[in-house]
Amino acid sequence: MVTVEQIEQAIEKLAPGDFTRLAAWVAARHHDEWAQTMEKDAKAGKLDFLFSEAETERKAGKLRDWPGEKQ
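Owing to the predicted nature of the structure, the values given are computational and were not obtained by experimental measurement. (Residues numbered from 1 in each chain as written. Predicted model: local features only at pLDDT ≥ 70, side-chain atom pairs only at ≥ 80, totals over all residues. Heavy atoms only, no water.)

Colleague: Mind laying out the overall build of the protein, listing which residues take part and the relevant values?
Modeller: For the protein, the count of helices and strands is three helices and zero strands. Beginning at the N terminus, the succession of helices and strands in the protein can be written as α-α-α. Each principal axis of the C-alpha distribution contributes one length, and for the protein these read about 55 × 30 × 15 Å. Relative to its full complement of 71 residues, the protein shows a buried share of 3%. In the structure as shown, the protein presents an accessible area of about 7000 Å², 58% of it carried by carbon and sulfur atoms. Of the charged side chains in the protein, 11 are positive and 14 negative; the average position of the first set lies 4 Å away from that of the second. (Helix = DSSP H or I, 4+ residues; strand = E, 2+ residues; numbered from the N terminus. Buried < 20%, exposed > 50% of the residue type's maximum accessible area, 1.4 Å probe, protein only. Areas by Shrake-Rupley, 256 points an atom, 1.4 Å probe, with all protein chains shown as cover. Lys, Arg positive; Asp, Glu negative; His and termini not counted. Charge placed at Lys NZ, Arg CZ, Asp CG, Glu CD.)

Colleague: Residues and numbers for the pattern of salt bridges, please.
Modeller: Here the structure, examined in full by the defined rule, presents five salt bridges. Taking the shortest distance from any N to any O, the salt bridge between D18 and R21 comes out at 3.5 Å. Here D18 pairs with R21, and both are found in helix α2 (residues 16-43), just three residues apart, close to one helical turn. Exposure remark for D18: the relative accessible area of 36% places this residue in the partly exposed category. Between R29 and E33 there is a salt bridge, and its shortest N-O distance comes to 3.1 Å. Of this pair, R29 and E33 both sit in helix α2, separated by four residues, roughly a single helical turn. (Salt bridge = Lys/Arg side-chain N within 4 Å of Asp/Glu carboxyl O.)

Colleague: Give a description of α2 that names residues and reports values.
Modeller: Three or four residues apart is the spacing at which side chains of an α-helix point the same way, because the helix has 3.6 residues per turn. The terminal C-alpha atoms of α2, which comprises 28 residues, lie 41 Å apart, in line with the 40 Å expected from a rise of 1.5 Å per residue. Two residues or fewer after α2 comes G45, characterised by a positive phi angle close to 85°. (Expected span 1.5 Å × (residues − 1).)

Colleague: Report on the environment of W34, specifying residues and quantitative values.
Modeller: Tracing the backbone through its elements, the reader meets W34 in helix α2. A C-alpha to C-alpha distance of 22 Å links W34 and I7, two positions 27 residues apart in sequence.

Just geometry here; none of it tells us what the structure is for.
Spelled out as structure tokens, the structure:
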């Protein structure tokens, strides 16, 4: 089994182009795992409280446009 420390040492030895490829792969993998977790949590109702909070804020007139967006 390879340890994280061994992987880190190997990464330090990568050529710049290979490091860039690895960084892109790690970022994509992280994004995919995050998206899967969010989808699973949404289906399980774990994010429903966010909709409730947003609806409460909307009714109170406290919602704002996302920065850079206009209606």
